[in-house]
Amino acid sequence: MYSLLKPLLFAFPPEAVHDHVLGLLELVSRQKILLEVTRRFCSVANPRLEVSCMGLQFPNPIGLAAGLDKNALALPIWAALGFGFVEIGSVTAHAQNGNPQPRLFRLPEDNALINRMGFNNHGAKVIAARLELWQHTHGQPTAPLGINLGKSKITPLENASQDYLSSLKRLYDYGDYFVLNVSSPNTPNLRQLQDRAPLEQLLKIIMDFTKQQAVQKPIALKIAPDLTWEQIDEILEIALSHRISALIATNTTIARDGLRSSSQETGGLSGQPLKARSLEVLRYLVKQQDLPIISVGGIASPEDAQQRLEAGAALVQLYSGFIFEGPLLPNRIAKGLLA
Ligand SMILES: Cc1cc2nc3c(=O)[nH]c(=O)nc-3n(C[C@H](O)[C@H](O)[C@H](O)COP(=O)(O)O)c2cc1C
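Residues numbered from 1 in each chain as written. Predicted model: local features only at pLDDT ≥ 70, side-chain atom pairs only at ≥ 80, totals over all residues. Heavy atoms only, no water.

### Thoughts on the overall build of the chain
- A tally of helices and strands in the chain yields 12 helices and 13 strands.
- At 18 Å, the chain has a C-alpha radius of gyration in line with the 20 Å of a compact globule built from 339 residues.
- For the chain, restricting intrachain contacts to residue pairs at least 6 apart in sequence, the fraction spanning at least 24 positions comes to 73%.
- If you sum the accessible surface of the chain, you get close to 14900 Å²; carbon and sulfur atoms cover 54% of it.
- Side-chain charges of the chain comprise 32 positive and 30 negative groups, with the mean position of each set lying 4 Å from the other. (Helix = DSSP H or I, 4+ residues; strand = E, 2+ residues; numbered from the N terminus. Rg over C-alpha atoms; globule rule 2.2 N^0.38 Å. Contact = heavy atoms within 4.5 Å. Areas by Shrake-Rupley, 256 points an atom, 1.4 Å probe, with all protein chains shown as cover. Lys, Arg positive; Asp, Glu negative; His and termini not counted. Charge placed at Lys NZ, Arg CZ, Asp CG, Glu CD.)

Written out as structure tokens, the structure reads:
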């Protein structure tokens, strides 16, 4: 089916298609019957797929990566499509429009995307209200919900910790785990938060807050694929000393190695060309320590997911694979993992 639909979808600008498809998924999410039909057709429930990670129970290890449903517009559909967990965001403390369009590009010959969205999102306050509403109408989600936090563009880098904290406070009641995204290439200087001093400061403020809460929810850190091994070692040491619950590896890359496409667009590259580096980073992280790793980058088939899990990933996530392979991909991966 999707191979017939894809040429039509790919004939239109990527962000317009994204917005329309998300709008459609939002409509389905609001109709309990359609949601149930989708669930029956797509989701695969099997105890052999269940995973325990960060103190949470996941129905399967296949997650929707951050960025696709930034504003939680279609939240219930993702579990119905077969995802075992969903990460919304990146959410920032202040609502923001992101970078000027066009800012999302397909590279079909590479099965890749380049984006420089710049954290376009409705802001923590509106998204918290939307999550409250989803809880009210649909009850607790069947798959764990991750909330990925980014820094507002208007907040200077030296005040970043307070910006993340403000979002965390607003959203704390609604997420099962939270992600500190310090690795997007599309917010100026954001990736400097991966350096020792700012990272120490950020983690201290965030972990101090969670320790004071009645329920201590897991905090994960999302890292870039473009770090050196020395930088990764330093991040690991800091993450372990602050008792971070997991690392998400990786975000999009600023590298352009081996592309068939001649695209000169700036931004983060995702999909197939990121696959080898993401796997390499996963293997390195697993070798160094025991922290759970959520592996993301270039996963587009059951074999890709299996390879990550065999390499030691606790969970996997995907974004670009969903665009190139279609909405049945989580279902195919789940069936593949059971085969
Ligand atoms: C259009 C687009 C927007 C994204 N936005 C975010 C974001 O807001 N926060 C984030 O942590 N990652 C974001 N990502 C990165 C993905 O979550 C993921 O780490 C990356 O795309 C690699 O996975 P993939 O190869 O399966 O796409 C975005 C990716 C794309 C393609």
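Past the structure itself, the notes keep going.
### Digging into the packing of helix α8 (residues 229-241) against helix α9 (residues 275-288)
- Direction vectors running N to C along α8 and α9 enclose 50°, while the axes themselves pass 11 Å from each other. Between α8 and α9, the interaxial angle falls into the category oblique. The two elements α8 and α9 meet at a crossing, and its hand is right-handed. Residues Trp229, Ile232, Asp233 and Leu236 of α8 form the contact with α9, whose participating residues are Arg277, Glu280, Val281, Tyr284, Leu285 and Gln288.
- Class assignment of the residues belonging to the contact of α8 with α9 gives a composition of six nonpolar, one polar and three charged. (Axes fitted to C-alpha atoms, helices over the stretch in contact; angles between N-to-C directions. Parallel < 35°, antiparallel > 145°, perpendicular 65-115°, else oblique. Left-handed = near helix turned anticlockwise from the far one by under 90°. Nonpolar A, V, L, I, M, F, W, Y, C, P; charged D, E, K, R; others polar.)

### Comments concerning the packing of aromatic side chains
- Inspection of the entire model under this criterion finds nine aromatic pairs.
- Measuring from ring centre to ring centre gives 4.2 Å for tryptophan 229 and tyrosine 284, while their planes differ by 25°; the resulting arrangement is stacked. Within this pair, whereas tryptophan 229 is found in helix α8, its partner tyrosine 284 is found in helix α9, the two being separated by 55 residues in sequence.
- Site record: aromatic cluster; members linked through ring pairs are Phe58, Phe85 and Tyr177.
- Sitting above the plane of the tyrosine 172 ring, lysine 217 keeps its charged end 5.2 Å from the centroid. (Phe/Tyr/Trp six-rings, centres within 6.5 Å; stacked < 30°, edge-to-face > 60°. Lys NZ or Arg CZ within 6 Å of the ring centre and 35° of its normal.)

### Topic: α9
- Compared with the 20 Å implied by 1.5 Å per residue over 14 residues, the 20 Å span of α9 between its first and last C-alpha is a close match.
- For α9, the complete set of buried residues consists of Ser278, Leu279, Val281, Leu282, Tyr284 and Leu285.
- Against β9 (219-223), α8, β10 (246-249), β12 (293-296) and α10 (302-310) lie the buried residues of α9. (Expected span 1.5 Å × (residues − 1). Buried < 20%, exposed > 50% of the residue type's maximum accessible area, 1.4 Å probe, protein only.)

### A closer look at a nonpolar patch on the surface
- A cluster of nonpolar side chains, Leu5, Leu8 and Phe12, forms an exposed patch at the surface whose accessible area comes to about 300 Å².
- Along the chain, the position of leucine 5 falls in helix α1 (residues 2-9). (Patch = residues over 30% accessible without salt bridge, like charges linked within 9 Å, V, L, I, M, F, W, Y side chains within 5 Å. Salt bridge = Lys/Arg side-chain N within 4 Å of Asp/Glu carboxyl O.)

### Section: the site of the ligand
- Lining the immediate environment of the ligand, one finds 25 residues, of which Ala66, Ser90, Gly271, Gly298 and Ser320 sit closest.
- Separating an oxygen atom of the ligand from a side-chain N or O atom of lysine 70 is a distance of 2.9 Å.
- For the ligand, whose free accessible area comes to 610 Å², the fraction covered by protein is 98%.
- Broken down by secondary-structure element, the contributors of at least two residues to the shell around the ligand are β4 (85-91), β6 (112-115) and β11 (268-271).
- Of the residues contributing to the shell around the ligand, the split by class is nine nonpolar, 14 polar and two charged. (Near = heavy atom within 4 Å. Polar contact = N/O pair within 3.5 Å; in protein donor to acceptor, adjacent residues only side chain to side chain.)

### So, the pairing of β9
- When you tally the buried positions in β9, you get five out of five residues, the bulk of the element.
- Residues Ile219, Leu221 and Ile223 of β9 are buried on one face, and the alternating residues Ala220 and Lys222, pointing to the opposite face, are buried as well.
- Across four bridges, strand β8 (residues 177-181) lies against β9 in parallel orientation. Looking at the pairing, phenylalanine 178 lines up with isoleucine 219 of β9.
- Handedness of the crossover joining β8 and β9 through helix α7 (residues 196-211) is recorded here as right-handed.
- In terms of handedness, the path from β9 via α8 over to β10 forms a crossover that is right-handed. (Pairing = 2+ DSSP bridges. Right-handed = clockwise from strand over helix to strand, strands pointing away.)

### Some words on the nonpolar core
- Counting 104 residues, the largest nonpolar core has Trp78, Leu131, Ile147, Tyr164 and Leu171 as the members making the most contacts within it.
- In terms of residue count, α7 provides more of this core than any other element does, six residues in total.
- Residues within four places of tryptophan 78 in sequence aside, it is in contact with Leu22, Leu25, Leu64, Leu68, Asp69, Phe83, Val86 and Phe322.
- In this structure, Phe105, Ala112, Ile114 and Leu269 belong to the second largest nonpolar core, which totals six residues. (Core = buried A, V, L, I, M, F, W, Y, C linked by side-chain atoms within 4.5 Å.)

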